[in-house]
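# Examining the three-dimensional arrangement
If you want the building blocks of each chain, they are given just below.
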Amino acid sequence: MPQVHNWQLGRDMEYVHEAGQTERQFAAVFNINRCIGCQTCSMACKSTWTFAPGQELMWWNNVETKPYGGYPQNWDVKTLELLEAANPGGQTWNAGGGDGTPKAPYGRFDGTTIFESADAKRGADGTVAGEATVTGYIPTEEEWKAPNAFEDHATTFPKQGVTLPEHEGWFFYLQRICNHCTYPGCLAACPRNAIYKRPEDGIVLVDQERCRGYRKCVEACPYKKTMYRPTTRTTEKCIACYPRIEGTDPLTGGVPTETRCMAACVGKIRLQGLVKTNEDGSWADDPKNPLYYMVHEEKVALPLYPQFGTQPNVYYIPPRWVPRPYLEQMFGPGAQQAIDRYTKPSRRLLAILQLFRASRRIVFSYDIERGPKFDEINVNGEAVDLFDDTVIGYDSTGAEIVRVNVQEPVSERPGKINSI
Amino acid sequence: MGRTGGDTMTSHSDVDVSSVAGTRNLLTRRVGMVLVLAAAVVAAATLQILDANPATSQTTGISALRTEADLGLDPGDGAWDRVPETELPLTAQQTSYPFGGGSVTAVTVQALHDDESLYLRVTWPDSTSDVGTGAPEAFSDAVAVQFPSVAAATVPAVCMGQASSGVNIWQWRADSDAGPPDTMDEIRPNTVVDVPETANEDYPARVVGNPFDAEDAGAVQNLLAEGFGTIGPAEDQAVAGHGEHDDQGWTVVLRRELSSTAGGEPSFRMGEATDMAFAVWDGANEERNGLKSVSAFATLALSNDTVPGAGSGWIIPLVAVMLAAVVIAIARGGMRRSS
Amino acid sequence: MSVVAERLTPARRSAALTHRDVVPLVFGLTVPAVVAELMILRLFTRTAIHIPALEFLAGTYRVAAVLGRFTFHLAAVLLIAALSVLVVELARRVDPQARTAAAATAVFGVTAAAARLELIDTVTTTVLVGTCVAVLVWTAASGRGISSVPLLLFGAAFLAVAAHSLAQQVAAEGGPTVDGARLLYLGEGLALAAAASAPLIIGVRPSRRAVWFGAAAGVLVAGAMIGNGATVKILTLWNFGLAGYFPSPLYGIAVAGVVIAIVTAYRLGRRFDAWALVLLFVGAVGLHSTYQSGLVVAGLSLFVYLTCTRRRSADADETSAAALEA
């Protein structure tokens, strides 16, 4: 089997295809700390793409309440269990195994991925032992039926309340779309070559003409983001609103535009873009790209379950209040560092965070104009100066599309107002 | 493993048996070898160009007998009652229970023709009827028959697809046979559908003409393959079929016109035999794609005979047994003369 | 040494090919061609159509398909030559065994030709081929002692599968229907036993290296069957007539047996034994085509030829023969 480099694991791994470079890669950063679980993203997606008969259970974008919620139910725990069964006790990170560079920023994962464990005998989870190239399972209809079960369920409700750094009783919202992985599990599993990754933007699509509804991709995708549609007997999935990404949708005015779920985000938690990649699938050095800066310079945004091995391209700023072992299982060993840097942000990071939802056009690069100190705050007993810097976002052509200040504009209500 | 005594005790290296030769003789043997090889290569090349095969298929022969009956797609049609049955073994299941219950070990095949169309009736045991594929985890029962694209009985040269001549596969699926669901309620009872009336464009697979789309799929898919991953629908979907399930299992009838002008699909002619193989999928076992049971080869030939009365089939084996007796007699005679 | 050379190589005088050279010459070409045909046509091109994710190999596949067909034609032509040579060579002998084998091989040849010309039907072909193989097994096994066990097992397996085939054909012709599944189980079990016991044919304790080779091949096959049962079982069914009824490790043991026997034979310089084994097991028990049955017939006749030749040279000069073997 070919060896490919998975920078999130800090090592090479087995994959069924050779690595292939995409011109750009679809990527996004979701700031979990800011999500209010309003599901506007879910509805924006549903009303655009999955409203027709046969798509009732299909939520290409969903927001689930962790740790109990899951769409489909227990998707992550089940896959983690399958991997654990294939490699008992071996699913560990060597945090010292990396070099901190974009090739191995979080250390080295010493366990087996969904690709590497596929040869081992499967767990007792109803999976058919056979010709699988990827470890996985097919969620039942029942498991897809309650996308928001356990909404707002906390682990406990301590009477004395909760305080940082770790809440005793906790929950958080996890926003999920297709990760448009660099090494997709669905693509690896398809016996029909019906799934492909677009060379121009790395978006992963199911060819609706070739698909024969074998559901090998449903079985293989560890994030369970390929979904079966009984009215066509094919599998459909998130298409990353590609007409918007391309700028071919009439609404975009010909400029690459963020997806529906991103653009609709009320909590301003999402920023999406297209990043440059190297031949080995790692990100090309591009500190002027806000996503690159957050993922590789600050390491404040982390991949979801990197140990699955698909190199997902949606990155999360982990929730500050959640117990670290849980976050480390979900986002890898970089979780504590990410929280530290987010809690006490650098001047540049604070400016870049203002870009979230400042424009619906895709920001390809940014500049920062320095401004005066306007406040001083206390973070965990340390004083932090706040500066009113200005961040400027540019589109694919280098034209300025947005300009935001760190200090929000303040308007004072006039003394006398129209009393309606 | 010790010495075994007898002749083998004294057996010695073949070197002296074949030849113990001087250099001159070695040279001539080499020349002889080159000559034989050259002759064989020329002969083989000739066969290749003429597409002539010196070997004959020996697999189980199935005769498609002529019927006068107005045969439809009803698997229970009385016209099938007297048609000879052939049982083809399938490779054992590859699931975790190789001997477990429910695995399909054989298909029973019958064939008829009415000078217009070929009819195949396939029967196999399956305790569960897996028709609905509404749920993500539900898979359909299915059966397929595979022919070389050009009718021929030339095992092993042609069968199962070569670049020069691929294969034609007719796949019957229980879910396609049942047709598309009339309402979503059939698949997902009590589901609220916000947009019940939708245009075709809301079904991408339908828009791009995916032949497996529930709306368009006939009971039988006519497929072509020519090597790696090339399986795809044939341009004409000229194969019809229908299956029924009872306590015993499935009985499925497949029908296609004898002659075909489409590329990659065999025409069946009187007196010409062609290879075929069957595959069965058990939906309850999550079988689809490569997860299936496959039969040994059989050959199919059209016959001018009509469905026989009981007993007439004894004549041929009787003759064959007599021939065998003659061979043994000759062999024994040879032994006696020489000893 | 020189005595033997003098006795066995009258060719020295004329420097021309003698009938003695013909058998190794033809089989030396036939066996590699048969192996190449098995690898390219029967294994590669038949597996390839089941490997979906390899479209980039389409070009290779096309070349292999043409090459595979050519190796098949070549192997078939050489097999016809090999069978003809054996008939002639065996018929020249005075031993009754050789004469019988010659007769059976000739009858097979006539049967295959008649079947090709569509003079006889499948039932008759099966009966005649089965009879020829039965006679040849009996002939090859007689006087062999314990080394006849694998041959007898193979013959029984072949006849069981042939009987099933015959039962199917009789039923297809409108005769009575027989439940033949047990015959298949029986045939498959006997075939595995024949393969596993193949080293008995050589009758010499296999070298460590031979055992290693055999174990490696066995582990490879058993592993492939466990890992990708569907494809491997299709291949065993379509090429060797084995449906995969039994647990995978047994197939590994069977392959190991055959490989150990062949490697041992080669290392002892007993090419004929090795060739005969290759032909026997590449032909295998499935009644697929007269080509594959021809391989079995050739393998069995070669065993008879070998026994007769050995007996003769042993009678002629036991000391030098023993000396050569050592």
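This text goes with the structure placed above it.
Throughout what follows, the structure given in this document is the object of discussion. Note that the structure is a prediction, hence the values are computed from the model and not measured.

Attention now goes to the overall build of chain C. Broken down by element type, chain C carries 15 helices and 0 strands. Residues classed as buried in chain C amount to 62% of the 326 residues present. Here the contacts in chain C between residues at least 6 apart in sequence split such that 77% fall between residues at least 24 apart. Accessible surface, chain C: about 11,600 Å² in total, of which carbon and sulfur atoms supply 70%.

This paragraph deals with the sheet that holds strand S14 (residues 314-317) of chain A. All names here are of chain A. The mixed open sheet is built from 4 strands, whose spatial order is S12-S3-S14-S13. Of all the strands in the sheet, the pair left with one neighbour each is strand S12 (270-275) and strand S13 (302-303). Taken together, the 2 bridges between S13 and S14 define a ladder with antiparallel strand orientation. Paired with leucine 302 across the strands is tyrosine 316, a residue of S14. Against the sheet, helix H8 (residues 290-297) touches strand S3 (25-31), S12 and S14, its axis set at about 95° to S12.

To continue, consider the pairing of strand S5 (residues 142-148) of chain B. Residue and element names in this part refer to chain B. Among the 7 residues that make up S5, 7 are buried, leaving the element largely enclosed by the rest of the structure. Of the two faces of S5, both are covered, the one formed by Ala142, Ala144, Gln146 and Pro148 as well as the one formed by Val143, Val145 and Phe147. Note that S5 and strand S6 (residues 167-173) share 7 bridges and pair antiparallel. Paired with glutamine 146 across the bridge in S6 is isoleucine 169. Of the pairings in the sheet, the one linking S5 to strand S11 (residues 273-281) comprises 5 bridges and is antiparallel in character. Of the residues in S11, the one forming a bridge with valine 143 is valine 280.

Residues and elements named next belong to chain A. Summed over all chains, the structure comprises 34 aromatic pairs over all chains. Ring geometry for tryptophan 7 and tryptophan 283: centres 6.2 Å apart, planes at 70°, overall edge-to-face. Note that tryptophan 7 is positioned in the loop between strand S1 (3-6) and strand S2 (11-14) and tryptophan 283 in the loop between S12 and H8, a separation of 276 residues in sequence. In this structure tryptophan 7 comes out as buried when scored by relative accessible area, which is 0%. We classify tryptophan 283 as buried; its relative accessible area is 2%. Here the aromatic residues Trp7, Tyr106, Trp283, Tyr292 and Tyr315 are joined through ring pairs into a cluster of three or more. Directly above the ring of tryptophan 75 sits arginine 176, whose terminal nitrogen or CZ lies 3.7 Å from the centroid. The residue whose ring lies beneath arginine 270 is phenylalanine 30, and the NZ or CZ to ring-centre distance is 4.1 Å.

Let us look at the packing of helix H9 (residues 324-331) of chain A against helix H10 (residues 335-343) of chain A. All names here are of chain A. The interhelical angle for the contact between H9 and H10, taken along N-to-C directions, is 110°, at an axis separation of 9 Å. In this view, H9 runs roughly perpendicular relative to H10, as classed from their interaxial angle. Residues Arg324, Leu327 and Glu328 of H9 form the contact with H10, whose participating residues are Ala335, Gln336 and Ile339. In terms of residue class, the contact of H9 with H10 is made up of 3 nonpolar, 1 polar and 2 charged.

Residues and elements named next belong to chain A. Within the secondary structure, lysine 299 is located in the loop between H8 and S13. The side chain of lysine 299 is buried and forms no salt bridge, while glutamate 297, the nearest opposite charge, is found at 7.8 Å. At 3.3 Å, the side chain of lysine 299 forms a polar contact with the backbone oxygen of histidine 296. Discounting chain neighbours no more than four positions away, the residues touching lysine 299 are Gly100, Pro105, Tyr293, Met294, Gln337, Ala338 and Arg341.

It is worth spelling out the pairing of strand S19 (residues 400-405) of chain A at this point. Residue and element names in this part refer to chain A. One ladder, built from 5 bridges, connects strand S18 (residues 390-394) with S19; its direction is antiparallel. Within S19, the residue paired with threonine 390 across the bridge is asparagine 405. What sits between the antiparallel neighbours S18 and S19 is a turn of 5 residues, in which glycine 398 has the positive phi angle 90°.

The next point concerns the sheet that holds strand S15 (residues 365-369) of chain A. Residue and element names in this part refer to chain A. Read across the sheet, 3 strands follow the order S15-S18-S19 without closing on themselves; strand pairing throughout is antiparallel. Of all strands in the sheet, those bounded by a partner on one side alone are S15 and S19. In this sheet, neighbouring strand axes are inclined to one another by 20° on average, regardless of whether the strands run parallel or antiparallel. Bridge count between S15 and S18: 5 bridges; the pairing is antiparallel. From the neighbouring strand, serine 365 faces S18, where its bridge partner is tyrosine 394.

We now examine unusual backbone geometry. Residue and element names in this part refer to chain A. Backbone torsion omega between lysine 66 and proline 67 reads 15°, so that peptide bond is classified as cis. One can find proline 67 in the loop between strand S4 (62-66) and helix H2 (75-86). Cis geometry is found at the peptide bond from tyrosine 71 to proline 72, where omega equals -5°. One can find proline 72 in the loop between S4 and H2. One non-glycine residue, asparagine 74, lies in positive phi territory at about 60°. By relative accessible area, which is 37% here, asparagine 74 ends up partly exposed. A positive phi angle is found at lysine 299, which is not glycine, with a value near 55°. Under the relative-accessibility criterion, lysine 299 is labelled buried at 12%.

Residue and element names in this part refer to chain B. Together, Asp74, Glu244, Asp246 and Asp247 line one region of the surface with negative charge. Tracing the chain through its elements places glutamate 244 in strand S9 (residues 240-245). For glutamate 244, a relative accessible area of 41% puts it in the partly exposed group.

On to the pattern of salt bridges. All names here are of chain A. Applying the stated criterion across every chain, the model contains 25 salt bridges over all chains. With a closest N to O distance of 2.9 Å, glutamate 116 and arginine 11 form a salt bridge. Of the two residues, glutamate 116 sits in the loop between strand S6 (108-109) and helix H3 (141-144) while arginine 11 sits in strand S2, which places them 105 residues apart along the sequence. The exposure classification of glutamate 116 matches that of arginine 11, with both residues buried. Across the salt bridge formed by glutamate 258 and arginine 357, the nearest N and O atoms sit 3.0 Å from each other. Note that glutamate 258 is positioned in the loop between helix H6 (242-246) and helix H7 (260-263) and arginine 357 in the loop between helix H11 (347-353) and S15, a separation of 99 residues in sequence. Comparing glutamate 258 with arginine 357, the two get one shared label, buried. By sharing partners, the salt bridges in this structure join Glu64, Lys66, Asp76 and Arg176 into a single network.

Rules used throughout
- Position numbers for residues count from 1 along each chain, tracking the sequence in the order it is written.
- To read the labels, note that chains go from A and ligands from 1, taken in the order they are written.
- Reporting of local features is limited, given that this is a predicted model, to residues whose pLDDT is at least 70; pairs of side-chain atoms are given and counted only at 80 or more, and all residues count toward the totals for whole chains, interfaces and linings.
- As a rule here, side-chain values come from all non-hydrogen atoms in the structure, and water together with hydrogens is ignored.
- A run of H or I in DSSP becomes a helix once it reaches four residues, and a run of E becomes a strand once it reaches two; helices and strands are each numbered from the N terminus.
- Think of it in three bands: residues with accessible area under 20% of the maximum for their type are buried, residues over 50% are exposed, and the middle band is partly exposed, with areas taken using a 1.4 Å probe on protein chains only.
- Should any heavy atoms of two residues lie within 4.5 Å, those residues are considered in contact.
- Each accessible area value is a Shrake-Rupley result obtained with a 1.4 Å probe; residue values ignore everything except the protein chains displayed when judging cover.
- One bridge is not enough; two strands pair if DSSP finds at least two bridges between them.
- Axes here mean lines fitted to C-alpha atoms, for a helix over just the part in contact, with angles spanning 0 to 180 degrees between N-to-C directions.
- Aromatic rings from Phe, Tyr and Trp, with only the six-membered ring used for Trp, were paired whenever their centres fell within 6.5 Å, and each pair was classed as stacked if the ring planes differed by under 30 degrees, edge-to-face if by over 60, and tilted otherwise.
- Think of it as a cone above the ring: NZ of Lys or CZ of Arg counts as a charge over the ring if it is within 6 Å of the ring centre and within 35 degrees of the ring normal.
- Geometric relationships in this document are graded by angle, where less than 35 degrees denotes roughly parallel, more than 145 denotes roughly antiparallel, 65 to 115 denotes roughly perpendicular, and other angles denote oblique.
- Asp, Glu, Lys and Arg are counted as charged, while Ala, Val, Leu, Ile, Met, Phe, Trp, Tyr, Cys and Pro are counted as nonpolar; the rest, among them Gly, fall into the polar class.
- Just so you know, the count uses Lys and Arg for positive and Asp and Glu for negative, and it drops His and the chain ends.
- Every case where a carboxyl oxygen of Asp or Glu lies within 4 Å of a side-chain nitrogen of Lys or Arg is listed as a salt bridge.
- Under this definition, polar contacts are N or O atom pairs within 3.5 Å; protein pairs additionally need one hydrogen-donor-capable and one acceptor-capable atom, and for neighbouring residues in sequence, both atoms have to be side-chain atoms.
- Residues enter a patch when their relative accessible area is above 30% and they make no salt bridge; the linking distance is 9 Å between like charges and 5 Å between nonpolar side chains (Val, Leu, Ile, Met, Phe, Trp, Tyr).
- Charge positions come from single atoms, namely NZ of Lys, CZ of Arg, CG of Asp or CD of Glu.

Remember that the coordinates give geometry; whether it matters functionally is a separate question.
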